[in-house]
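# Close look at the chain arrangement
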Amino acid sequence: MATYDYRCPNDGDVEVRFPLGEAPPTLPCPACGGAAGRVWSAPRLTRTPRALRTALDRAAASAETPQVVTRVPGRRPATPRASAHPAHSRLPRL
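Residues numbered from 1 in each chain as written. Predicted model: local features only at pLDDT ≥ 70, side-chain atom pairs only at ≥ 80, totals over all residues. Heavy atoms only, no water.

Predicted confidence across the protein chain gives a mean pLDDT of 82, with 89% of residues reaching 70 or more. The secondary structure element of the protein chain with the lowest average pLDDT is strand β4 (residues 35-45), at 79, and the one with the highest is strand β3 (residues 26-28), at 93. (pLDDT = per-residue confidence, 0-100. Helix = DSSP H or I, 4+ residues; strand = E, 2+ residues; numbered from the N terminus.)

Okay, here's the thing in C-alpha cells:
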C-alpha cells in the first residue's frame with residue numbers, strides 16, 4: 001500500500017492509501033465533498049511489520065475517535081492462592 005496526497009481547494013491536504021498504481025487523479029474530499037486533486041509526489045511505501053502497523057493505526061484511530069464504554073466491566077471472583085511450600089500449610093486460613 002502506498003500513501004498518496006490529495007489537495008482540496010477548501011480544506012487542504014488529505015492523505016489516502018491505495019495499492020501502488022491504483023490512485024485516481026481526483027477523489028471527493030472527506031470534509032466538504034468537493035473534488036480533491038492528486039498532488040504528484042513520491043509515494044510513501046510502508047515497510048513496517050504488520051503487527052506494528054496495526055498497533056499504530058489502532059492508536060491513531062483511538063486518539064481521533066475513542067471507543068466508548070457502554071457498561072461497567074464485571075469483576076472476576078477472587079481465586080485463593082495456594083502455596084506449594086510445606087511450611088505454609090500449617091498457617092491459619094482466613
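Here we take up the nonpolar core. Formed by Ala2, Tyr4, Tyr6, Cys8, Val14, Val16, Ala23, Leu27, Cys29 and Ala36, the largest nonpolar core amounts to 10 residues. When residues of this core are traced back to their parent elements, those giving at least two are β1 (2-8) and β2 (12-18). With near-sequence residues (within four places) excluded, Leu27 lies in contact with Tyr6, Val16, Phe18, Gly34, Ala35 and Ala36. (Core = buried A, V, L, I, M, F, W, Y, C linked by side-chain atoms within 4.5 Å. Buried < 20%, exposed > 50% of the residue type's maximum accessible area, 1.4 Å probe, protein only. Contact = heavy atoms within 4.5 Å.)

Okay, the pattern of salt bridges next. Between side chains of opposite charge, pairing is possible as soon as their charged atoms come close. One pass over the structure, following the stated rule, counts 2 salt bridges. Residues Arg7 and Asp13 are paired through a salt bridge, measuring 2.7 Å at the closest nitrogen-oxygen approach. Classification of Arg7 as partly exposed rests on a relative accessible area of 45%. Asp13 gets classed as exposed once you look at its relative accessible area, which sits at 52%. With a shortest N-O distance of 3.8 Å, Arg17 and Asp57 are connected by a salt bridge. Remark: Asp57 occurs in helix α1 (residues 50-64) and Arg17 occurs in strand β2; sequence separation between them is 40 residues. Under the relative-accessibility criterion, Arg17 is labelled partly exposed at 34%. For Asp57, a relative accessible area of 40% corresponds to the partly exposed category. (Salt bridge = Lys/Arg side-chain N within 4 Å of Asp/Glu carboxyl O.)

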